[in-house]
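# Inside the fold
This is what each chain is made of:
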Amino acid sequence: GQNIDQPTEMTATEGAIVQINCTYQTSGFNGLFWYQQHAGEAPTFLSYNVLDGLEEKGRFSSFLSRSKGYSYLLLKELQMKDSASYLCAAPYNFNKFYFGSGTKLNVKP
Amino acid sequence: DVKVTQSSRYLVKRTGEKVFLECVQDMDHENMFWYRQDPGLGLRLIYFSYDVKMKEKGDIPEGYSVSREKKERFSLILESASTNQTSMYLCASSLPTGTGGRAGYTFGSGTRLTVV
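Here's what I pulled together on the structure shown here. Since the structure is predicted, the reported quantities are computational estimates derived from the model, not experimental observations.

### Here we look at the sheet that holds strand E3 (residues 18-25) of chain A
All names here are of chain A. Reading across the sheet, the 5 strands line up as E1-E3-E8-E7-E6 and stay open at both edges, with antiparallel pairing between neighbours. Edge positions in the sheet fall to strand E1 (3-5) and strand E6 (53-57), since each has one partner strand and no second. The mean angle between the axes of side-by-side strands here comes to 15°, regardless of whether they run parallel or antiparallel.

Here it is as structure tokens:
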């Protein structure tokens, strides 16, 4: 079966660095995605990892360890607009995605 | 700019009504999906389609049906709306598996449905 776990909520300070973890168990592996979702809006694509290691994209980076079934999203120089939910997702079978419940990030001044 | 368009942003319907939620994508994607999102439950897959006139049940298909007569359009139908179908409905499309990162979803802006 599929199982994705991530923390429910995190709080961090503007300008700081925060790491959002995700552990997954999937039958077959086709990569690991991260999406950002602001309240009341649709999720938007942030990153995709299929090989082990760190992928950096501006202030956001995503890490994957396939042997450990583990990924994290790293957000640097936090801004107030980064307050959102962050969804970890893994595709399986015809591109169905299994989503984690999301981590709500609160950025405080 | 590529897009997935959902016909309504907010919708209020009465119990027992038949409800149609429309979704159109302009990216020539094979795969299309309907999810509902509820607090604490995350996104749950209702139905998906990997080709015209093809459809497969997701995890929570009860009370719903779908239609895909054209590649760009995927409709979700609530046969007889009930209050427990009050939710945010998200449509998404994607390329098939094997296209790497491009297989990620593009979501529509969502329809917040309230059944009273």
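### Points about the pattern of salt bridges
Applying the stated criterion to the full structure yields 10 salt bridges over all chains. With a shortest N-O distance of 3.0 Å, Asp52 of chain A and Arg66 of chain A are connected by a salt bridge. In this pair, Asp52 of chain A is assigned in the loop between strand E5 (44-49) and E6 and Arg66 of chain A in the loop between strand E7 (60-65) and strand E8 (70-75), connecting sequence segments 14 residues apart. For Lys76 of chain A, the salt bridge identified is with Glu56 of chain A, shortest N-O distance 3.6 Å. Of this pair, Lys76 of chain A sits in the loop between E8 and strand E9 (84-92) while Glu56 of chain A sits in strand E6, and the two are 20 residues apart along the sequence. It is possible to trace a salt-bridge network through shared partners that takes in Asp28, Glu30 and Lys71 of chain B.

### Structural notes on unusual backbone geometry
For Glu77 of chain A, which is not a glycine, the phi torsion comes out positive at approximately 45°. Tracing the sequence through the fold places Glu77 of chain A in the loop between E8 and E9. For Glu77 of chain A, a relative accessible area of 53% gives the class exposed. Positive phi is not limited to glycine here, since Lys53 of chain B has a value of about 65°. Within the secondary structure, Lys53 of chain B is located in the loop between strand E6 (42-49) and strand E7 (56-57).

### Observations concerning the interface of chain A and chain B
Counting residues at the interface gives 17 residues for chain A, matched by 26 residues for chain B. Overall, the association of chain A and chain B removes approximately 1700 Å² of surface from exposure, summing both partners, and the carbon and sulfur fraction of that is 59%. Linking chain A with chain B are 0 salt bridges. Counting across the interface, chain A meets chain B through 5 residue pairs in polar contact (both at pLDDT 80 or more). Mapped by element, the contributors of at least two residues to the side of chain A that touches chain B are strand E4 (32-37), E9 and strand E10 (96-99) of chain A. Residue classes in the side of chain A that touches chain B are distributed as 10 nonpolar, 5 polar and 2 charged.

### Things to note about the layout of surface pockets
As a volume, the largest pocket reaches approximately 840 Å³. What lines the largest pocket is a set of 40 residues, among which Ser85 and Ser101 of chain A together with Gln37, Asp38 and Gly40 of chain B lie closest to the centre. Of all elements in the fold, only E1, E9, E10 and strand E11 (103-108) of chain A together with strand E5 (31-38), E6 and strand E10 (87-94) of chain B reach the threshold of two or more residues within the lining of the largest pocket. Across the lining of the largest pocket, the residue classes break down as 16 nonpolar, 17 polar and 7 charged.

### Section: the pairing of E5 of chain A
Residue and element names in this part refer to chain A. Where E4 meets E5, 5 bridges bridge the pair, whose relative direction is antiparallel. Across the sheet, residue Phe33 finds its bridge partner in E5, namely Tyr48. Two successive antiparallel strands, E4 and E5, enclose a turn made up of 6 residues, where Gly40 displays a positive phi of approximately 80°.

### Some details on the state of the cysteines
Applying the stated criterion across every chain yields a total of 2 disulfides over all chains. Through a disulfide, Cys22 of chain A is tied to Cys88 of chain A; the S-S separation comes to 1.9 Å. Measuring handedness by torsion sign, the sulfur bridge of Cys22 of chain A and Cys88 of chain A sits at about -70° and is left-handed. Here the residue Cys22 of chain A occupies a position in strand E3, and Cys88 of chain A occupies one in strand E9, the gap between them amounting to 66 residues. What makes Cys22 of chain A buried here is its relative accessible area of 0%. The disulfide partner of Cys23 of chain B is Cys91 of chain B, and the gap between their sulfur atoms is 1.9 Å.

Conventions and cut-offs
Residues numbered from 1 in each chain as written. Chains lettered and ligands numbered in written order. Predicted model: local features only at pLDDT ≥ 70, side-chain atom pairs only at ≥ 80, totals over all residues. Heavy atoms only, no water. Pairing = 2+ DSSP bridges. Helix = DSSP H or I, 4+ residues; strand = E, 2+ residues; numbered from the N terminus. Axes fitted to C-alpha atoms, helices over the stretch in contact; angles between N-to-C directions. Salt bridge = Lys/Arg side-chain N within 4 Å of Asp/Glu carboxyl O. Buried < 20%, exposed > 50% of the residue type's maximum accessible area, 1.4 Å probe, protein only. Contact = heavy atoms within 4.5 Å. Buried area = accessible area lost by both parts, 1.4 Å probe. Polar contact = N/O pair within 3.5 Å; in protein donor to acceptor, adjacent residues only side chain to side chain. Nonpolar A, V, L, I, M, F, W, Y, C, P; charged D, E, K, R; others polar. 1 Å grid on protein atoms, 1.4 Å probe; cavity = no way out; pocket = protein on both sides within 12 Å on 5 of 7 lines; lining within 4 Å. Points joined across faces, edges and corners; volume = space filled by probe spheres on them. Disulfide = S-S within 2.5 Å.

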